[in-house]
Number of protein chains: 2
Amino acid sequence: MLSYKERFKYFLKERDLKYTPEREEIIEAIVKLQKHFDAEDIYQQLRKQKSDVSLATVYRTIPLLVDSGLIMETLHCREKVLYEKIYNKRRHDHMVCINCGKIIEFYNEDVEKLQDEICHKYQFVATEHRLGIKGYCKECQDKLNIKVTHSKKEKN
Amino acid sequence: MLSYKERFKYFLKERDLKYTPEREEIIEAIVKLQKHFDAEDIYQQLRKQKSDVSLATVYRTIPLLVDSGLIMETLHCREKVLYEKIYNKRRHDHMVCINCGKIIEFYNEDVEKLQDEICHKYQFVATEHRLGIKGYCKECQDKLNIKVTHSKKEKN
DNA sequence: ATATTATTGAGAATGATACTCAATTACATC
DNA sequence: GATGTAATTGAGTATCATTCTCAATAATAT
């Protein structure tokens, strides 16, 4: 398994694109970022590294990072696109607490099986899926005094 | 089951908000809209109805429509939020063709079961979920000569 | 070393959505 | 039906993330 830098360099070469210092610094930045991040987070991390790659270049580089399989768009939150590193990580889905904003990652084998089943039925070839569950995390349930009533909708 | 208008009127009254002609015209517009739509689509439908509700009012009304359970945010496409009517409809998920953009709706009971299971494990209380599958629809598979290899990732 | 072509930064442009504010209106109460 | 009050409206402006433009620079192949 190649390192992030090597993988990116290889990807660029494949497409006759150039491996510039700016692109290297961006790779260094995303490697350091944890969890979910947006373009601005990458830009701030670059500042921390004393790099002065422009925000425009960050935006220009994101599609390359996505195409090279290093990161992927995962969540839309408050009109922002969030990314996360996916190279060398197993895929997972998300639960988002609508009270505190906490993001919980989970992996479930059955989701993949279900996807296969559904795609087969509709003659669809999937390249990816995203399952997002919104609701309340344990802490917020306690805080807000929400009672657990599994998936039963309250009548109104 | 109340009509869209009655449901909205009731919702507004509950909150001491006013049922204005503009809001009524917006309701009439969304009732006529099919499938997935955005704020601009509502605005255009209003124009067709010879209503001159402003776009600002459309944006202001959308959260009310969401809170009243008449529509819901369903997909993010090209940085736009898409909505769809959900009142009196059973919930479903989506497959989106990344070639032609076609949206296929599907309902699968097991998705709900899976959600319960996952939420139970993580002590999470779900209010909603969204499963989106991206890939290629039948027509585009044929057009692009894509072979079906269910969910096996090609090695690279 | 040179030529070619991609890349960069800066700033302007875009486009969806939100805000501001004065004028208007819905509705509860009289 | 008239009145008061708070909600609502349209128009225009503001915001904010993202994309584009363009001239200057730099990475690679030869």
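Here's a quick rundown of the structure. (Residues numbered from 1 in each chain as written. Chains lettered and ligands numbered in written order. Predicted model: local features only at pLDDT ≥ 70, side-chain atom pairs only at ≥ 80, totals over all residues. Heavy atoms only, no water.)

**Comments concerning the overall build of chain A**
Right, so step 1: Scanning chain A from N- to C-terminus turns up six helices and five strands.
Right, so step 2: The helix and strand sequence of chain A, counted from the amino end, reads α-α-α-α-β-β-β-β-α-β-α.
Right, so step 3: Rg of the C-alpha trace for chain A: 19 Å, well past the compact-globule value of 15 Å for 156 residues, more than 25% over.
Right, so step 4: For the C-alpha atoms alone, the extent of chain A along its principal axes is close to 60 × 40 × 25 Å.
Right, so step 5: Counting across all 156 residues of chain A, residues that qualify as buried make up 40%.
Right, so step 6: Summarising the internal contacts of chain A: among those between residues at least 6 apart in sequence, 48% fall at separations of at least 24.
Right, so step 7: A total accessible area of about 9600 Å² is found for chain A, and carbon and sulfur atoms account for 50% of it.
Right, so step 8: Charged side chains in chain A number 30 positive and 26 negative. The centres of these two groups are separated by 4 Å. (Helix = DSSP H or I, 4+ residues; strand = E, 2+ residues; numbered from the N terminus. Rg over C-alpha atoms; globule rule 2.2 N^0.38 Å. Buried < 20%, exposed > 50% of the residue type's maximum accessible area, 1.4 Å probe, protein only. Contact = heavy atoms within 4.5 Å. Areas by Shrake-Rupley, 256 points an atom, 1.4 Å probe, with all protein chains shown as cover. Lys, Arg positive; Asp, Glu negative; His and termini not counted. Charge placed at Lys NZ, Arg CZ, Asp CG, Glu CD.)

**Observations concerning the packing of aromatic side chains**
Residue and element names in this part refer to chain B.
Right, so step 1: Overall, the coordinates contain six aromatic pairs over all chains when judged by the stated rule.
Right, so step 2: For the ring pair Tyr4 and Tyr87, a centre distance of 5.3 Å and an interplane angle of 90° mean the geometry is edge-to-face. On the criterion of sequence distance, the pair formed by Tyr4 in helix α1 (residues 4–14) and Tyr87 in the loop between β2 (80–85) and β3 (93–97) is long-range, its members being 83 residues apart.
Right, so step 3: On the accessibility criterion, Tyr87 (12% relative accessible area) is buried.
Right, so step 4: When the ring of Phe8 is compared with that of Phe11, the centres are 6.3 Å apart and the planes differ by 5°; the resulting orientation is stacked. (Phe/Tyr/Trp six-rings, centres within 6.5 Å; stacked < 30°, edge-to-face > 60°.)

**Thoughts on the relation of the copies chain B and chain A**
Right, so step 1: For these two chains of identical sequence, chain B goes onto chain A by a turn of 180° and a shift of 0.0 Å along the axis, with RMSD 0.1 Å. The transformation relating the two chain copies, once decomposed into turn and shift, fits a two-fold axis. Judged by C-alpha distance, Leu131 of chain B is the residue of chain B that lies nearest the rotation axis, at 2.2 Å.
Right, so step 2: By residue overlap, the copies meet face to face through one surface: 100% of the interface positions of chain B are interface positions in chain A. (Least-squares fit on C-alpha atoms with pLDDT ≥ 70 in both.)

**Let's talk about the protein's contact with DNA strand C**
Right, so step 1: Taken together, 20 residues sit near DNA strand C, with Lys18, Arg23, Thr57 and Arg60 of chain A together with Tyr59 of chain B positioned nearest.
Right, so step 2: Here, DNA strand C places atoms within 4 Å of the protein, and 75% of those atoms are sugar or phosphate.
Right, so step 3: Here a phosphate oxygen of DNA strand C and a side-chain polar atom of Arg23 of chain A are 2.2 Å apart.
Right, so step 4: In the environment of DNA strand C, a phosphate oxygen lies 2.2 Å from a nitrogen or oxygen atom belonging to the side chain of Thr57 of chain A.
Right, so step 5: Only α2 (21–32) and α4 (55–67) of chain A together with α4 (55–67) and β2 of chain B provide two or more residues apiece to the surface near DNA strand C.
Right, so step 6: When residues of the surface near DNA strand C are assigned to their parent elements, the largest contribution, three residues, is made by α4 of chain B.
Right, so step 7: Its residues assigned to classes, the surface near DNA strand C shows seven nonpolar, three polar and 10 charged. (Near = heavy atom within 4 Å. Polar contact = N/O pair within 3.5 Å; in protein donor to acceptor, adjacent residues only side chain to side chain. Nonpolar A, V, L, I, M, F, W, Y, C, P; charged D, E, K, R; others polar.)

**Some details on the environment of Asp67 of chain A**
Right, so step 1: Looking at the element boundaries, Asp67 of chain A is found in helix α4.
Right, so step 2: Apart from the residues within four sequence positions on either side, Asp67 of chain A is in contact with Phe11 and Arg15 of chain A.

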